[in-house]
Amino acid sequence: MANSQYLSRLSSDDRKELIKKLWLAQNGKCFISGDAIDLDLHYHLLDIDHIVPTANNGKDDPSNFALTFQSANRSKQAADLNLARTNWRSKKLTDKLQYEENRNPNLTDVLLEYGGASQKLHFKIKDDSITYSFGEIGNTSLQTLPIYKDAMSEERYFFALLPIEYIFHDDKINPRSIGSNVTKLLAEFYKGNPQLHVSLGYIEENADNACEIKLFDGQHKAAAQIMLGVRAIPVRVFVNPNKDKLIESNFNAGTTLKQVAFD
């Protein structure tokens, strides 16, 4: 609940009027949980809180207030209500899958929750370039990108900013689930800190020249950004990779090499 000089000066009638205005602006739903609010039945269960905390230069006036259930507001893991709402939606997805299927969500679940993983990429490869468009989602302009070749492994790859509709979860190379530590990434990206390592994916040529782009590394980073509303993810995409080598490299990165953060 907000520690607010503005709210402390309101009369009972003024507070009721403010609650009604916030309720209407939020389409009758809790700002954090999205659950419906009945002003008659739930009135004693409601909080008014700052969306952006005053400690973060949020205003102490109605333009920065939101109406929430006390249970959602007081159990939140973030002071900023926009981030709290994202955390709540993430927890709701996790609770649903644990109850129905006894598992944690993976990138597929996150993508489907936010409108992704729906389109194959149609492409042409000629010499050392790839050409494609995102016509299935209304962007028919052709994009041509260079294909690079790794000097040591000889794996071929390109870099692309991919709409989430074209991104899929890989269930073979690194079929990991999205753990609770995604909340730390949500907070990190919400603060505006950049992603330091792009996600990794792959495509495989076929007779149709159309395939799903499978992400096998950086799933947590991708999931966190998607939850925060990002609609396109930067990806290093391998072309017809040796999957056994990718599996070995991915395994060694977390075991033998024990990658750590730089100072």
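Residues numbered from 1 in each chain as written. Predicted model: local features only at pLDDT ≥ 70, side-chain atom pairs only at ≥ 80, totals over all residues. Heavy atoms only, no water.

## Regarding the overall build of the chain
Argument step 1. Along its length, the chain carries 8 helices and 12 strands.
Argument step 2. Taking the principal axes of the C-alpha coordinates as reference, the chain spans close to 75 × 45 × 40 Å.
Argument step 3. A total of 263 residues make up the chain; the buried ones form 41% of that total.
Argument step 4. For the chain, the proportion of contacts with a sequence separation of at least 24, taken over those separated by at least 6, is 66%.
Argument step 5. Element-wise, carbon and sulfur atoms account for 49% of the exposed surface of the chain, whose accessible area totals about 15,000 Å².
Argument step 6. Averaging the positions of the 31 positive and the 34 negative side-chain charges in the chain gives two centres separated by 2 Å. (Helix = DSSP H or I, 4+ residues; strand = E, 2+ residues; numbered from the N terminus. Buried < 20%, exposed > 50% of the residue type's maximum accessible area, 1.4 Å probe, protein only. Contact = heavy atoms within 4.5 Å. Areas by Shrake-Rupley, 256 points an atom, 1.4 Å probe, with all protein chains shown as cover. Lys, Arg positive; Asp, Glu negative; His and termini not counted. Charge placed at Lys NZ, Arg CZ, Asp CG, Glu CD.)

## Some points on empty space enclosed by the protein
Argument step 1. Taken as a whole, this structure holds 1 cavity of 30 Å³ or more when the rule is applied.
Argument step 2. In this structure, the largest cavity occupies an estimated 30 Å³ of space.
Argument step 3. Per-element accounting of the lining of the largest cavity gives the leading share, 3 residues, to helix H4 (residues 81-101).
Argument step 4. Classifying every residue of the lining of the largest cavity by side-chain character gives 3 nonpolar, 1 polar and 2 charged. (1 Å grid on protein atoms, 1.4 Å probe; cavity = no way out; pocket = protein on both sides within 12 Å on 5 of 7 lines; lining within 4 Å. Points joined across faces, edges and corners; volume = space filled by probe spheres on them. Nonpolar A, V, L, I, M, F, W, Y, C, P; charged D, E, K, R; others polar.)

## Considering unusual backbone geometry
If a residue is not glycine, its phi is most likely negative; likewise, a peptide bond is most likely trans.
Argument step 1. Located in the positive-phi region is asparagine 209, a residue other than glycine, with phi close to 50°.
Argument step 2. Tracing the backbone through its elements, the reader meets asparagine 209 in the loop between strand S9 (199-203) and strand S10 (210-211).
Argument step 3. On the basis of relative accessibility, which here comes to 29%, the residue asparagine 209 falls in the partly exposed class.
Argument step 4. Non-glycine residue asparagine 240 carries a positive phi angle of around 50°.
Argument step 5. Tracing the chain through its elements places asparagine 240 in the loop between strand S12 (232-239) and helix H8 (243-254).
Argument step 6. For asparagine 240, a relative accessible area of 35% puts it in the partly exposed group.

## Some details on the nonpolar core
Argument step 1. In this structure, Val110, Tyr132, Phe158, Leu162, Ile203 and Ile226 are the most contacted members of the largest nonpolar core, which totals 39 residues.
Argument step 2. For this core, the leading source of residues is helix H7 (residues 219-227), giving 5 residues.
Argument step 3. Ignoring sequence-local partners within four residues, the contact set of tyrosine 132 consists of Leu121, His122, Phe123, Ser141, Leu142, Gln143, Leu145, Phe158 and Ala160.
Argument step 4. Core analysis: the second largest hydrophobic core is formed by 19 residues, Leu7, Ile19, Phe31 and Leu81 among them. (Core = buried A, V, L, I, M, F, W, Y, C linked by side-chain atoms within 4.5 Å.)

## Observations concerning the pattern of salt bridges
Argument step 1. Summed over the entire model, instances satisfying the criterion amount to 14 salt bridges.
Argument step 2. Among the ionic pairs, lysine 92 bridges to aspartate 35, the shortest N-O distance being 4.0 Å. Of the two residues, lysine 92 is situated in helix H4 and aspartate 35 in the loop between helix H2 (12-25) and strand S1 (46-50); the sequence distance between them amounts to 57 residues.
Argument step 3. Overall, aspartate 35 belongs to the partly exposed group, its relative accessible area being 36%.
Argument step 4. Between aspartate 95 and lysine 91 there is a salt bridge, with the nearest N and O atoms lying 2.8 Å from each other. (Salt bridge = Lys/Arg side-chain N within 4 Å of Asp/Glu carboxyl O.)

## Structural notes on the sheet that holds S10
Argument step 1. Spatially, 4 strands are ordered S5-S4-S3-S10 in an open sheet, and the strand pairing comes out antiparallel. The open sheet has two free edges, formed respectively by strand S5 (139-146) and S10, since each of these has just one partner strand.
Argument step 2. Looking at chain direction, strand S3 (residues 121-126) and S10 are connected through 2 bridges and run antiparallel. Looking across to S10, one finds that histidine 122 is bridged to alanine 210. (Pairing = 2+ DSSP bridges.)

## Some remarks on the side chain of asparagine 174
Argument step 1. One can find asparagine 174 in the loop between strand S8 (167-169) and helix H6 (182-190).
Argument step 2. Relative accessible area serves as the criterion here: at 14%, asparagine 174 is assigned to the buried category.
Argument step 3. Of the polar contacts made by the side chain of asparagine 174, one reaches the backbone oxygen of phenylalanine 216; its length is 3.3 Å.
Argument step 4. Look past the residues within four positions of asparagine 174 in its chain and what remains in contact with it is His169, Phe216, Asp217, Gln219 and Asn250. (Polar contact = N/O pair within 3.5 Å; in protein donor to acceptor, adjacent residues only side chain to side chain.)

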